[in-house]
Amino acid sequence: MARRKYIAGNWKMHKTVGEAVALAKELVESLAGCPHKLMIAPPFTALSAVASVVKGTPILLGAQNMASVEQGAHTGEVSVLMLKDIGVRSVILGHSERRIIYGEKDGLINEKVKLALKHGLEVVLCVGETLEEREKGKAEEVVTTQVTQCLQGVGEGDLPMITIAYEPVWAIGTGKNATPQDADAIHKVIRKVLDTLYRPGTGETVTIQYGGSVKPENARELLTMPNIDGALVGGASLKKETFVPIAWFDR
Ligand code: 13P
């Protein structure tokens, strides 16, 4: 079965509640009838308000992170239970900004993935190499390790709840996207890894997004590659004028 295209917006640390609600309303209106799967991930402080805007629409509500445990003495963390309570359906885990700035390792990300799945949240699992790793010829190895370790103990039955986002670190926020061919090649590697971790053929069933300087100008060429099933959009997801044309890339 053909994989459905999946376009998601990661708003990162941007937007007050008022700004987030305004953008969400514009998106609900402009994306009505869009055939692709859609998700937006506002900052924690705006989740509740945006939940009311997207409720009953095809736009899924996502969070950008969550704690690795359900509750307790974890100052500054947000629990899966709290996210579920306000209508969050999906969570971005293992983003390179979490890995690099906040020191998250594959083991911790794996705990988060399993906890999200236990509570029925969809996961967007981010992987990707740094520029240094790419220049040393290690991109495939790095991504293979990340996928393998972050999915440890995740059963095949849970894979429909998981989207993998390949986000090469050097392409994030730099305006320099991976070429469609380079991105497609890594997506293919990820499918092969899934074939070895699970049953042969599993890789073909999993949705793999590309992220890193996706813009209206490059969305179509990226999103029509055979192994690229969607986009995880940062900067261009912050405005209707740039996110809507990406979501409608094939209109
Ligand atoms: P940019 O689209 O701003 O490069 O960010 C990509 C990203 O990190 C999405 O998670």
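Residues numbered from 1 in each chain as written. Predicted model: local features only at pLDDT ≥ 70, side-chain atom pairs only at ≥ 80, totals over all residues. Heavy atoms only, no water.

A few points about the sheet that holds strand β7 (residues 207-211)
Around the barrel, which closes on itself, the 8 strands sit in the order β1-β2-β3-β4-β5-β6-β7-β8 with parallel pairing between neighbours. Adjacent strand axes in the sheet meet at a mean angle of 25° when their direction is disregarded. For strand β4 (residues 90-93) and strand β5 (residues 122-127), the ladder comprises 4 bridges, and the chain directions are parallel. Paired with Ile 92 across the two strands is Val 124, which belongs to β5. (Pairing = 2+ DSSP bridges. Helix = DSSP H or I, 4+ residues; strand = E, 2+ residues; numbered from the N terminus. Axes fitted to C-alpha atoms, helices over the stretch in contact; angles between N-to-C directions.)

Focus: the pairing of strand β1 (residues 6-10)
Burial analysis of β1 places 5 of its 5 residues in the buried class, the great majority of the element. Of the two faces of β1, both are covered, the one formed by Tyr 6, Ala 8 and Asn 10 as well as the one formed by Ile 7 and Gly 9. Pairing geometry for β1 and strand β2 (residues 37-41), over 5 bridges, is parallel. Along β2, the bridge assignment pairs Gly 9 with Ile 40. Read from β1 through helix α1 (residues 17-30) to β2, the crossover connection turns out right-handed. (Buried < 20%, exposed > 50% of the residue type's maximum accessible area, 1.4 Å probe, protein only. Right-handed = clockwise from strand over helix to strand, strands pointing away.)

Description of the pattern of salt bridges
Across all of its chains, the model carries 14 salt bridges by this definition. Arg 98 is the partner of Glu 104 in a salt bridge, and the nearest nitrogen-oxygen pair spans 3.1 Å. Glu 104 gets classed as buried once you look at its relative accessible area, which sits at 7%. Of the charged contacts, one joins Glu 111 and Lys 114 as a salt bridge, the two residues approaching to 3.9 Å between their closest N and O atoms. Remark: Lys 114 and Glu 111 occur in helix α5 (residues 106-118); sequence separation between them is 3 residues, near one turn of the helix. Within the structure, one salt-bridge network assembled from shared partners comprises Arg 3, Arg 191, Glu 204 and Asp 229. (Salt bridge = Lys/Arg side-chain N within 4 Å of Asp/Glu carboxyl O.)

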